[in-house]
Amino acid sequence: MYNNKSMVATEFIDDEEIKNTLKYAKENANNIELIDAILDKAKEANGLTYKEAAILLESDLEYIKERVFSLAETLKKRFYGNRIVMFAPLYLSNYCVNGCVYCPYHHKNKRIARKKLTQEEIKLEVMALQDMGHKRLALETGEDPENCPIEYVLESIKTIYSIKHKNGDIRRVNVNIAATTVENYRKLKEAGIGTYILFQETYHKETYEQLHPTGPKHNYAYHTEAMDRAMAGGIDDVGLGVLFGLNLYKYDFVGLLMHAEHLEAANGVGPHTLSVPRICDADDINANEYSNAISDELFQKIVAILRIAVPYTGIIVSTRESEKTREKVIKYGVSQVSGGSRTTVGGYAEEEKIDENSAQFEVSDHRTLDEVVNWLLKLGYIPSFCTACYSEGRTGDRFMRLVKSGQIANVCQANSIMTLKEYSEDYASEDTAILANDKIKSEIELIPNIKVKEIVIENLHSLDEGKRNFRF
Ligand code: SF4
Ligand code: SF4
């Protein structure tokens, strides 16, 4: 029986409720009056229910698609302006005891080299990332209590935050590790993590169990209830995601929004971010074998509807996607992108020595961070290296209140200008620095608050003089 406040996975992600929702969406896919009312509601930027969003997804009417894309673009601009937050993944270990059939790190794959970084190697990776200009990382590990225990992850986080190489420092470490206990989440919180990210992969229980035949991840309830344990452990920024293509996308789309509604209903705060990876090729994995794979056009539609369904939640897209696709989804909703990513363990410092087969997935966007920054600037965006909310304690419901009131946009804008200046001074190529400085000049003029504008200008001078890490 569906109950969004329940802490039982099969009650807050209720199979029957999802199936009924999909049926209802099909029945109303051409109900113009209802769809217009949904879109009018969406315009108010208070979000949509999973039921309303499901109807938009189901509808193939050209006029509806156009309205969805146009509204997504408008809301994106309203809440995120032209800012795109930059990050990079950092793979610490690819040891894994699970049997996920879509991931090359599954324990039966004997063809990939297994590797876990030592603290010394982490330092080298972090220095390489700092030399690119990154400030925000997403830690990735396989699940292996012996080779990669929580103590190792905690020690690694400490190491990462401790490295100050030239002008570089990592200011926010998000963590994507396997579902764990409340006690371990508490330790992660104490270690100063930003967002805890865990992808559900698919919300369809039966399919989930087939795709995860062995290992602790096989336990659907333990995995699905992980975010509630994370929040019980004090982590108030959590990131959800599904791997589109593993199951029927409509089912997972509804499941994802249902999960978001559950977090808000049961814990008082919805997800901080949503990730929208699509299944792709890797060693041992052929994406074409997945008959549920979704097209580029559909992918854009999913992102656009998510944008209007959860306007306050960041949407992340990785380098799994090509430059072309990334350009389209950024326009309709994505607010965070990775750049210069390596999906191998040790891939930043020792790229050439690493066996390419050990990548978790094939990267489609192979550009360097500088090339991605340059590209974003040419498209009119302002790449942001901001991590201020984490440093200022703006997390969880405090963060959400600021976002919903629209106040956050003022600080995001100022911080994006100052962090881009920092990037431009320390890491940008000549061409990128010219573009960045032009953008900074034009953006300053758009700061509405005179006092904030004055402080930004003053800080830009200080950045010229070599001072770093200014933020609101
Ligand atoms: Fe291990 Fe994660 Fe890959 Fe599954 S998806 S095999 S848990 S690394
Ligand atoms: Fe993100 Fe906060 Fe920085 Fe805005 S101010 S870009 S919300 S970290």
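Refer to the structure printed above.
Model, not experiment: these values are computed from the prediction. (Residues numbered from 1 in each chain as written. Chains lettered and ligands numbered in written order. Predicted model: local features only at pLDDT ≥ 70, side-chain atom pairs only at ≥ 80, totals over all residues. Heavy atoms only, no water.)

Draft legend 1. Main features of the packing of helix α15 (residues 369–378) against helix α19 (residues 430–445). Running from N to C, α15 and α19 point in directions that differ by 40°, and their axes come no closer than 10 Å. When the axes of α15 and α19 are compared, the pair comes out oblique. Crossing angle aside, the handedness with which α15 passes α19 is left-handed. Of α19, the residues touching α15 (which contributes Asp370, Val373, Asn374, Leu377 and Lys378) are Asp431, Thr432, Leu435, Ala436 and Lys439. Its residues placed into classes, the contact of α15 with α19 shows 4 nonpolar, 2 polar and 4 charged. (Axes fitted to C-alpha atoms, helices over the stretch in contact; angles between N-to-C directions. Helix = DSSP H or I, 4+ residues; strand = E, 2+ residues; numbered from the N terminus. Parallel < 35°, antiparallel > 145°, perpendicular 65-115°, else oblique. Left-handed = near helix turned anticlockwise from the far one by under 90°. Contact = heavy atoms within 4.5 Å. Nonpolar A, V, L, I, M, F, W, Y, C, P; charged D, E, K, R; others polar.)

Draft legend 2. Representation of the site of ligand 1 in the model. Around ligand 1, the neighbouring residues are Cys96, Asn98, Cys100, Cys103, Tyr105, His106, Gly142, Lys217 and Gln360. Among the residues forming the shell around ligand 1, the class breakdown is 4 nonpolar, 4 polar and 1 charged. (Near = heavy atom within 4 Å.)

Draft legend 3. Inspection of the site of ligand 2 at higher detail. As a structural note, the neighbourhood of ligand 2 is formed by Arg136, Cys386, Thr387, Ala388, Cys389, Arg394, Phe399, Ile408, Cys412 and Asn415. Elements supplying a minimum of two residues to the shell around ligand 2: α16 (388–391) and α18 (408–426). Looking at the shell around ligand 2, the element that brings in the most residues is α18, giving 3 residues.

Draft legend 4. Representation of unusual backbone geometry in the model. For Lys166, which is not glycine, the phi torsion reads 50° and is therefore positive. Its place among the elements puts Lys166 in the loop between α7 (150–162) and β3 (172–176). Classification of Lys166 as exposed rests on a relative accessible area of 68%. (Buried < 20%, exposed > 50% of the residue type's maximum accessible area, 1.4 Å probe, protein only.)

Draft legend 5. Representation of the pattern of salt bridges. Per the stated rule, a full pass over the model turns up 37 salt bridges. When salt bridges that share partners are traced, they join Lys164, Asp169, Arg171 and Glu422 into one network. (Salt bridge = Lys/Arg side-chain N within 4 Å of Asp/Glu carboxyl O.)

Draft legend 6. Fine view of the nonpolar core. With 146 residues, the main nonpolar core has Leu56, Leu188 and Ile308 as its most contacted residues. Aside from chain neighbours lying at most four places away, what touches Ile308 is Leu39, Ala42, Gly47, Leu48, Leu56, Val68, Leu71, Ala72 and Leu75. (Core = buried A, V, L, I, M, F, W, Y, C linked by side-chain atoms within 4.5 Å.)

Draft legend 7. Representation of the pairing of strand β2 (residues 136–141). In terms of residue burial, β2 counts as a mostly covered element, since 6 of its 6 residues are buried. Bridging between strand β1 (residues 83–93) and β2 involves 5 bridges; their strand directions are parallel. Its bridge partner lying in β2, Pro89 is registered against Ala138. For the segment spanning β1, helix α6 (residues 119–132) and β2, crossover handedness is right-handed. Read as a crossover between parallel neighbours, the route from β2 over α7 to β3 is right-handed. (Pairing = 2+ DSSP bridges. Right-handed = clockwise from strand over helix to strand, strands pointing away.)

Draft legend 8. View of the environment of Ala388. Following the sequence through the fold, Ala388 ends up in helix α16. Sequence-distant contacts of Ala388, that is, excluding residues within four places in its chain, are made with Arg394, Asn415, Arg471 and Phe472.

Draft legend 9. Region of interest: the packing of aromatic side chains. In this structure the tally under the stated criterion is 9 aromatic pairs. A centroid spacing of 4.5 Å and a plane angle of 50° characterise the contact between Phe69 and Tyr332, whose relative ring orientation is tilted. Of the two residues, Phe69 is situated in helix α5 (residues 62–80) and Tyr332 in helix α14 (residues 323–332); the sequence distance between them amounts to 263 residues. Take Phe69: its relative accessible area is 16%, and that puts it in the buried class. An angle of 85° between the planes, with centres 5.1 Å apart, marks the rings of Phe79 and Tyr312 as edge-to-face. Of the two residues, Phe79 sits in helix α5 while Tyr312 sits in the loop between α13 (296–309) and β7 (314–317), which places them 233 residues apart along the sequence. Taking the relative accessible area as the measure of exposure, Phe79 reaches 10% and is therefore buried. Classification of Tyr312 by relative accessible area gives buried; the value is 12%. Within the aromatic cluster, the residues linked to one another by ring pairs are Phe385, Tyr423 and Tyr427. In this structure, Arg229 packs its charged tip against the face of Tyr222, placed 3.7 Å from the ring centre. Seen from the ring of Phe299, Arg278 lies directly overhead, with NZ or CZ sitting 4.3 Å from the centre. (Phe/Tyr/Trp six-rings, centres within 6.5 Å; stacked < 30°, edge-to-face > 60°. Lys NZ or Arg CZ within 6 Å of the ring centre and 35° of its normal.)

Without other data, these values stay purely geometric and don't point to any function.
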